[in-house]
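Residue strings, one per chain:
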Amino acid sequence: MSDPQTPQNPAGWYHAQGDPPETKRYWDGSQWVGEPQVTGVAAPLGAPGSAPVANLASAGKRIGARLLDNLLLLAILFAVSAAFLLPSMDLDAIFSAIEDGRELPEEALPSTSAALGATAIGALLPFLWELIWHGMAGGTPAKLLFGMRIRRVEDPLGDLGWGAAAKRSLIRLGGLLGAIPLVGLLSYLGWLIITIVSLVFLSSDKNRQTVMDKLASTIVVNK
């Protein structure tokens, strides 16, 4: 006999009578399955224990896109840093000192203000790069090139939004701490741990969510 409290609806997520407000539980078509989930926080993508319903991008595809994005960003960082540093440098004096085996003259090196400007841009640009691309296009250039988009868990077909884009890009702010000796080292170690854990999650997590995906409640799907 069916439970009179259950909805006469096809399989899906519904609020079950008696569960806490603002929660949903999975209905498999004949009975409730699993525990109630809070709506809008990390809504499940499918039935408990089942494969996700979203067309998730493969781990290999995501790793390849990340490597390509990093190479592109590195080239941009080099160009921007050169634009800050070169105008304040005496390249002829530097090349002459190198040829003669002399110590580089201090006055030929970048000015303090130029070096600080290049450092600040180098620390902020990776965060701004990902934030703007994620917020406006739902993915970085390589992700878009490979046919991937970043989506919110609760709305796999909708736009990512600036809030989720900011959360997902937070790891890139670690560069701001790089100039502080001890803090910079801890920041690098934290980034390394997050990267390793994320690689494990890409192959073991049902929804292929990295650490930043889980923080922002996002997934990466094929377009």
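Residues numbered from 1 in each chain as written. Predicted model: local features only at pLDDT ≥ 70, side-chain atom pairs only at ≥ 80, totals over all residues. Heavy atoms only, no water.

Caption draft 1: A look at the nonpolar core. Ranked by size, the top nonpolar core spans eleven residues in total: Ala57, Ala65, Phe127, Leu131, Ala142, Met148, Ile150, Leu160, Ala164, Ala165 and Val220. Of all the secondary-structure elements, those providing two or more residues to this core are helix H3 (112-137), strand S4 (148-152) and helix H5 (162-169). (Core = buried A, V, L, I, M, F, W, Y, C linked by side-chain atoms within 4.5 Å. Buried < 20%, exposed > 50% of the residue type's maximum accessible area, 1.4 Å probe, protein only. Helix = DSSP H or I, 4+ residues; strand = E, 2+ residues; numbered from the N terminus.)

Caption draft 2: Focus on the side chain of Arg151. Within the secondary structure layout, Arg151 lies in strand S4. Among buried charged residues, Arg151 stands out as having no salt bridge; its nearest opposite-charge side chain is Asp159, 5.1 Å away. Beyond its immediate sequence surroundings of up to four residues, Arg151 is in contact with Gly138, Pro156, Leu157, Gly158, Leu160, Ser217, Thr218, Ile219 and Val221. (Lys, Arg positive; Asp, Glu negative; His and termini not counted. Salt bridge = Lys/Arg side-chain N within 4 Å of Asp/Glu carboxyl O. Contact = heavy atoms within 4.5 Å.)

Caption draft 3: Fine view of the environment of Leu72. With respect to the secondary-structure elements, Leu72 resides in helix H1 (residues 59-85). With relative accessibility at 36%, the residue Leu72 sits in the partly exposed group. In this structure the C-alpha to C-alpha distance between Leu72 and Ala142, which are 70 residues apart in sequence, comes to 8.9 Å.

Caption draft 4: Region of the structure containing the pattern of salt bridges. Counting across every chain of the model gives six salt bridges. Between Asp100 and Arg102 there is a salt bridge, with its nearest N and O atoms 3.5 Å apart. When the shortest N-O distance is used, the salt bridge between Asp205 and Lys214 registers 3.0 Å. Judged by its relative accessible area of 36%, Lys214 is partly exposed. Bridged by salt links that share partners, the residues Arg62, Arg168 and Asp213 form one connected network.

Caption draft 5: Quick peek at the pairing of strand S2 (residues 23-27). Most of S2 is tucked away: four of the five residues are buried. As paired strands, strand S1 (residues 12-14) and S2 are joined by three bridges and run antiparallel to one another. Bridge assignment links Gly12 to a residue of S2, and that residue is Trp27. (Pairing = 2+ DSSP bridges.)

Caption draft 6: Just the packing of H1 against H3, in detail. In the contact formed by H1 and H3, the axes pass within 9 Å of each other and the chain directions differ by 150°. When the axes of H1 and H3 are compared, the pair comes out roughly antiparallel. Crossing of H1 against H3: the hand is right-handed. Packed against H1, whose contacting residues are Arg66, Leu72, Leu73, Ile76, Leu77, Val80, Ser81, Phe84 and Leu85, the element H3 presents Ala114, Ala115, Gly117, Ala118, Ile121, Gly122, Leu125, Pro126, Trp129 and Glu130 at the interface. (Axes fitted to C-alpha atoms, helices over the stretch in contact; angles between N-to-C directions. Parallel < 35°, antiparallel > 145°, perpendicular 65-115°, else oblique. Left-handed = near helix turned anticlockwise from the far one by under 90°.)

Caption draft 7: Representation of the packing of aromatic side chains. Enumeration over the complete set of coordinates arrives at one aromatic pair. A cation sits over an aromatic face here: Lys214 above Phe201, 5.2 Å from the ring centre. (Phe/Tyr/Trp six-rings, centres within 6.5 Å; stacked < 30°, edge-to-face > 60°. Lys NZ or Arg CZ within 6 Å of the ring centre and 35° of its normal.)

Caption draft 8: Seen up close, unusual backbone geometry. One non-glycine residue, Arg208, adopts positive backbone phi at about 55°. Mapped onto the fold, Arg208 is located in the loop between helix H6 (181-204) and helix H7 (211-216). The backbone phi angle of Ser217 is positive, close to 55°, even though this residue is not glycine. As for its position among the elements, Ser217 is in the loop between H7 and strand S5 (218-222).

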